[in-house]
Amino acid sequence: MTQRASVPDVRVISIGALASNPLWNERGAVRTGHATTTLIRAGGASILVDPGLPEQAIAARLRERTGRGPESITHVFLTSFAPETTRGLDVFEDAEWLIHGPEREGLGAFLATRLRDLIKSGIDSEEDRTLKERLEADVARLRKCKAAEDTIAPGVDLFPLPGVTPGLCGLLVEHPGRTILITGDAVATQEHLEQGKVLPGAADVKLAQESFAEAVEIADVMVLGRDNLVLNPARRPF
């Protein structure tokens, strides 16, 4: 895979999916949800965004799309911290894990409180033990994530899009003549983009709608949270 000097290269590694898409009249989970995974190469960095597939699957997809394995990734960036964005995270153990500071802080406090309350109430069942193990694993993984700087690599900047989760954050990638925005779940699918809809269950619906509008205003091209790379329908072709 080649790129011109100083121009970031953006490549979709795996197209994501919602467990249930209400815009397709689906009710209840009909598939395993997973985030779209994107690779950005810029300034010597190889940044993998949202490794939502299981470890073996995301490693295989990376090789299919780039000819390289997990060892080639220098950074992993999470637009949010959830199973749908992190299932394959551990296979990139040698990379630097990054997340937006507010997402890290808010979720860290939530996980710590939930784990403390669980222990305080007593671990009385197999279900409790399983939950405790999962919470401890999430705490350990989140602890390894560093709060990302505003600029991750040349031409690759944080673009906060709070609302679906309190600290959700996309990445703005500058190209000559166009701007590419990796939106995470702030803009989930092409149908959500066309209909101006945010995901149900957003932490703050009003803030999610504002972030959606900001994404549409800034981007020429979007990599959607659970869909492919698409042209912004609000912009004229370039």
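Residues numbered from 1 in each chain as written. Predicted model: local features only at pLDDT ≥ 70, side-chain atom pairs only at ≥ 80, totals over all residues. Heavy atoms only, no water.

**So, helix α3 (residues 101-121)**
Next up, step 1: Along its 21 residues, α3 runs 30 Å from first to last C-alpha, staying within 8% of the 30 Å computed at 1.5 Å per residue.
Next up, step 2: Each element contacted by the buried residues of α3 is listed here: β5 (96-99), α4 (126-144) and β6 (146-147).
Next up, step 3: Following α3 by one or two positions, G122 has its phi on the positive side, about 100 degrees. (Helix = DSSP H or I, 4+ residues; strand = E, 2+ residues; numbered from the N terminus. Expected span 1.5 Å × (residues − 1). Contact = heavy atoms within 4.5 Å.)

**Side note on the sheet that holds strand β3 (residues 45-49)**
Next up, step 1: Taken together, the six strands give an open sheet; going across it, the order is β1-β2-β3-β4-β5-β6, and neighbouring strands pair in mixed fashion. Only two strands of the sheet have a single partner each, and these edge strands are β1 (9-14) and β6.
Next up, step 2: Sheet analysis places strand β4 (residues 75-78) next to β5, joined by four bridges and oriented parallel. When the sheet's bridge partners are listed, F77 is paired in β5 with L98.
Next up, step 3: Those strands touched by helix α1 (residues 55-66) are β1, β2 (37-42) and β3, and its axis lies near 135 degrees from that of β1. (Pairing = 2+ DSSP bridges. Axes fitted to C-alpha atoms, helices over the stretch in contact; angles between N-to-C directions.)

**Section: the pairing of β4**
Next up, step 1: Alternating positions in β4 separate into two faces, H75 and F77 on one and V76 and L78 on the other, with burial throughout.
Next up, step 2: Once you follow β3 into α1 and on to β4, the crossover reads as right-handed. (Buried < 20%, exposed > 50% of the residue type's maximum accessible area, 1.4 Å probe, protein only. Right-handed = clockwise from strand over helix to strand, strands pointing away.)

**Focus: the pairing of strand β10 (residues 178-184)**
Next up, step 1: Here β10 lies mainly inside the structure; six of its seven residues are buried.
Next up, step 2: Examined bridge by bridge, β10 and strand β11 (residues 221-224) share four bridges and lie parallel to one another. Bridging across to β11, I180 finds its partner in V221.

**Re unusual backbone geometry**
Next up, step 1: Positive phi values are uncommon outside glycine, yet N25 reaches one of about 60 degrees.
Next up, step 2: Locating N25 in the fold gives a position in the loop between β1 and β2.
Next up, step 3: Although it is not a glycine, D50 adopts a positive phi angle of roughly 60 degrees.
Next up, step 4: By the element assignment, D50 lies in the loop between β3 and α1.

**Regarding α1**
Next up, step 1: Here α1 is 12 residues long and its end C-alpha atoms lie 16 Å apart, about the 16 Å a rise of 1.5 Å per residue gives.
Next up, step 2: Listing the buried residues of α1 in full gives I58, A59, L62 and T66. Each buried residue of α1 sits inside an arc of 100 degrees when the element is viewed along its axis, so together they form one side. Among the exposed residues of α1, those oriented more than 90 degrees off its buried face are Q56 and E64.
Next up, step 3: Close packing links the buried residues of α1 with β1, β2 and β3. (Arc of directions from axis to C-beta.)

**Considering the sheet that holds strand β8 (residues 156-160)**
Next up, step 1: Spatial ordering of the open sheet is given by β7-β8-β9-β10-β11-β12, a layout of six strands whose pairing is mixed. For this open sheet the edge positions go to β7 (151-153) and β12 (229-231), each flanked by a neighbour on one side alone. With direction set aside, neighbouring strand axes in the sheet form an average angle of 30 degrees.
Next up, step 2: The sheet contacts of helix α6 (residues 205-218) involve β8, β9 (169-175), β10 and β11, and relative to β10 the element is tilted by about 155 degrees.

**Points about the nonpolar core**
Next up, step 1: Judged by nonpolar contacts, the single largest core of 24 residues is most densely connected at L48, I73, V76, L78, F81 and F92.
Next up, step 2: When contributions to this core are tallied by element, the ones reaching two or more residues are α1, β4, β5, α3 and α4.
Next up, step 3: Aside from chain neighbours lying at most four places away, what touches L78 is D50, P51, T85, T86, L89, L98, I99, H100 and C145.
Next up, step 4: Grouped together as the second largest cluster of nonpolar side chains are 22 residues, L18, L161, A208 and A215 included. (Core = buried A, V, L, I, M, F, W, Y, C linked by side-chain atoms within 4.5 Å.)

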